[in-house]
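# Close look at the chain arrangement
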Amino acid sequence: QLVAHLGHKVSVSTVAGQPATWRFVFAYGVGVVRVAGGRLQLEAGAADPEALARVQDLLGRHLERFGRRGELTVQWRAGA
């Protein structure tokens, strides 16, 4: 649902060699949505902290809206 929704607004593509993985290209950064091990993983990347926060906000806010009934919350953590 998230992929279909955002795919109408920004460029989205599948990631070669990675099943159930989609990459979104925003004007200010990129986001990746991956289904792995029964979990949904989000990744965000950008050139600066402000742009990174925008990518995280957009992905997280939309996902939380879709998961509102199940009281879904998104928690970001710094990665490599």
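Below you will find a few notes about this structure.

### Description of the overall build of the protein chain
Looking only at helices and strands, the protein chain features 2 helices and 4 strands. By the compact-globule yardstick of 12 Å for 80 residues, the protein chain fits well, its C-alpha radius of gyration being 12 Å. For the protein chain, the spread of C-alpha atoms along the principal axes amounts to about 35 × 30 × 30 Å. Taking all 80 residues of the protein chain together, 25% fall into the buried category. For the protein chain, contacts bridging at least 24 residues in sequence account for 28% of all contacts bridging at least 6. If you sum the accessible surface of the protein chain, you get close to 5700 Å²; carbon and sulfur atoms cover 50% of it. The centroid of the 10 positive side-chain charges in the protein chain is displaced by 8 Å from the centroid of its 6 negative side-chain charges.

### Quick word on the packing of aromatic side chains
Across all of its chains, the model carries 2 aromatic pairs by this definition. For the pair Phe24 and Phe26, a centre-to-centre distance of 6.4 Å together with 20° between the ring planes defines the contact as stacked. Overall, Phe24 belongs to the buried group, its relative accessible area being 0%. A ring pair is formed by Phe26 and Tyr28, whose centres lie 5.6 Å apart and whose planes are at 10°; its orientation type is stacked. For Tyr28, a relative accessible area of 22% translates into the label partly exposed. Clustering of aromatic rings is evident, with ring pairs tying together Phe24, Phe26 and Tyr28. Over the ring of Tyr28 we find Arg54, and its NZ or CZ is 3.8 Å from the ring centre.

### Details of the pattern of salt bridges
Using the criterion set out here, one finds 2 salt bridges in the structure. Two residues, Glu43 and Arg34, come together in a salt bridge whose shortest N-O distance is 2.5 Å. Notably, a salt bridge pairs Arg61 with Asp57, separated by 3.1 Å at the nearest N-O pair. Remark: Asp57 and Arg61 occur in helix α2 (residues 49-66); sequence separation between them is 4 residues, near one turn of the helix.

### With respect to a positive patch on the surface
A contiguous patch of positive charge, built from Lys9, Arg65, Arg68 and Arg69, is present on the exposed surface. Looking at the secondary structure, you find Arg68 in the segment after α2.

### What about the environment of Val3?
Tracing the sequence through the fold places Val3 in helix α1 (residues 2-7). For the pair formed by Val3 and Val32, sequence separation is 29 residues and the distance between their alpha carbons is 9.8 Å.

Reading the values: the criteria
- Residues numbered from 1 in each chain as written.
- Predicted model: local features only at pLDDT ≥ 70, side-chain atom pairs only at ≥ 80, totals over all residues.
- Heavy atoms only, no water.
- Helix = DSSP H or I, 4+ residues; strand = E, 2+ residues; numbered from the N terminus.
- Rg over C-alpha atoms; globule rule 2.2 N^0.38 Å.
- Buried < 20%, exposed > 50% of the residue type's maximum accessible area, 1.4 Å probe, protein only.
- Contact = heavy atoms within 4.5 Å.
- Areas by Shrake-Rupley, 256 points an atom, 1.4 Å probe, with all protein chains shown as cover.
- Lys, Arg positive; Asp, Glu negative; His and termini not counted.
- Charge placed at Lys NZ, Arg CZ, Asp CG, Glu CD.
- Phe/Tyr/Trp six-rings, centres within 6.5 Å; stacked < 30°, edge-to-face > 60°.
- Lys NZ or Arg CZ within 6 Å of the ring centre and 35° of its normal.
- Salt bridge = Lys/Arg side-chain N within 4 Å of Asp/Glu carboxyl O.
- Patch = residues over 30% accessible without salt bridge, like charges linked within 9 Å, V, L, I, M, F, W, Y side chains within 5 Å.

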